[in-house]
Amino acid sequence: MKRSELVADTAITLLAERGMRGLTHRAVDEAAGLPPGSTSNLARTRAALLELTLSRLTELEIRALGPAYTSAQAGDQAGDQAGMVDRVAETVHVQIKDRRRTLARYELALEATRRPELREMYDAAGSRFRDPAVALLAAQGSRDPVRHAHRLVAFSEGLMFDAIVGAGGMPTFEELRQAVEDFLAGMLRRPSRGL
């Protein structure tokens, strides 16, 4: 493992365990078992440490969610709605199972509201996940795939948030699948004539 990966992975763990206030250069050095100053040599400022961490987190999420997004980007747009339901449910399930990574992302999302440079990077990373959702919804016949993708992402984020930090508990894959199926059925239904 490269030192930059070790530092970023340790920062992800610290964000999940201690929150933003617990993430310092010194804390990363100690938790990673690195000599004092090692993290500062790699990422001189707090902003640089946050950017390194977000970059690594995005890489890890792409790897974890790869199958669904790779096939969407390659043109396999889940021709049937059941296939899309499975992909979305699996994506949410993977994110809930890796509580550490998802909590760290929440911490970075909140910090991005206060740091424009991090917001720009966070939004760019997010588009790598939203764009395939647009393609999948377009393949399902959505009349407004961009708007529907934003709603689907918000719905999915709500499921994750409720499971990880809310009172929702840990849903099974089947429970997630049913929730996604209900959501998509309502969103993609054709409006009745005269309404």
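Predicted, not measured: the structure shown is a model, and the values here were computed from it.

### Thoughts on the overall build of the chain
Scanning the chain for helices and strands turns up 9 helices and 0 strands. The linear arrangement of helices and strands in the chain, starting from the amino end, is α-α-α-α-α-α-α-α-α. Projecting the C-alpha coordinates of the chain onto the three principal axes gives extents of approximately 70 × 30 × 30 Å. Looking at the chain residue by residue over its 195 residues, the buried ones come to 45%. When contacts within the chain are restricted to residue pairs at least 6 apart in sequence, those whose partners lie at least 24 apart make up 69%. Accessible surface, the chain: about 10,200 Å² in total, of which carbon and sulfur atoms supply 53%.

### A short note on the packing of helix 5 (residues 81–97) against helix 6 (residues 99–112)
Two quantities define a packed helix pair, namely the angle between the axes and the distance from one axis to the other. Running from N to C, helix 5 and helix 6 point in directions that differ by 90 degrees, and their axes come no closer than 5 Å. Comparing their axes, helix 6 and helix 5 come out roughly perpendicular. Residues Val94, Gln95, Ile96 and Lys97 of helix 5 form the contact with helix 6, whose participating residues are Arg99, Arg101, Thr102 and Arg105. Tallied by class, the residues present in the contact of helix 5 with helix 6 amount to 2 nonpolar, 2 polar and 4 charged.

### Some words on the nonpolar core
Core analysis: the largest hydrophobic core is formed by 23 residues, its most contacted members being Leu15, Leu23, Val28, Leu49, Leu50, Leu108 and Leu118. Those elements that place two or more of their residues in this core are helix 1 (3–18), helix 2 (25–32), helix 4 (46–73), helix 6 and helix 7 (116–139). The residues contacting Leu118, other than those within four sequence positions of it, are Leu50, Glu51, Leu54, Leu108, Glu111 and Ala112. Formed by 22 residues, the second largest nonpolar core is a distinct cluster that contains Leu103, Leu152, Leu176 and Leu184.

### Re the environment of Glu157
Relative to the elements of secondary structure, Glu157 occurs in helix 8 (residues 145–164). Sequence separation between Glu157 and Leu65 is 92 residues, and the spatial gap between their C-alpha atoms is 14 Å. One polar contact links Glu157 to Arg105, side chain to side chain, over a distance of 2.8 Å.

### Thoughts on the packing of aromatic side chains
Counting across every chain of the model gives 2 aromatic pairs. Ring geometry for Tyr106 and Phe161: centres 5.5 Å apart, planes at 55 degrees, overall tilted. With Tyr106 in helix 6 and Phe161 in helix 8, this residue pair connects regions lying 55 residues apart in the sequence.

### Overview of the environment of Leu42
With respect to the element layout, Leu42 can be found in helix 3 (residues 38–42). Leu42 sits 39 residues away from Arg3 along the chain, and the two C-alpha atoms are 8.4 Å apart. Not counting residues up to four positions away in its chain, the partners in contact with Leu42 are Arg3, Ser4, Val7 and Leu52.

### As for the packing of helix 5 against helix 8
Put simply, helix 5 and helix 8 touch, their axes get as near as 9 Å, and they point 35 degrees apart. Both helix 5 and helix 8 take part in a crossing whose hand is right-handed. Packed against helix 5, whose contacting residues are Met84, Val88, Val92, Gln95 and Ile96, the element helix 8 presents Leu152, Ser156, Leu159, Met160, Ala163 and Ile164 at the interface. Class assignment of the residues belonging to the contact of helix 5 with helix 8 gives a composition of 9 nonpolar, 2 polar and no charged.

Analysis parameters
Residues numbered from 1 in each chain as written. Predicted model: local features only at pLDDT ≥ 70, side-chain atom pairs only at ≥ 80, totals over all residues. Heavy atoms only, no water. Helix = DSSP H or I, 4+ residues; strand = E, 2+ residues; numbered from the N terminus. Buried < 20%, exposed > 50% of the residue type's maximum accessible area, 1.4 Å probe, protein only. Contact = heavy atoms within 4.5 Å. Areas by Shrake-Rupley, 256 points an atom, 1.4 Å probe, with all protein chains shown as cover. Axes fitted to C-alpha atoms, helices over the stretch in contact; angles between N-to-C directions. Parallel < 35°, antiparallel > 145°, perpendicular 65-115°, else oblique. Nonpolar A, V, L, I, M, F, W, Y, C, P; charged D, E, K, R; others polar. Core = buried A, V, L, I, M, F, W, Y, C linked by side-chain atoms within 4.5 Å. Polar contact = N/O pair within 3.5 Å; in protein donor to acceptor, adjacent residues only side chain to side chain. Phe/Tyr/Trp six-rings, centres within 6.5 Å; stacked < 30°, edge-to-face > 60°. Left-handed = near helix turned anticlockwise from the far one by under 90°.

None of the figures reported here should be taken as evidence of function without further support.
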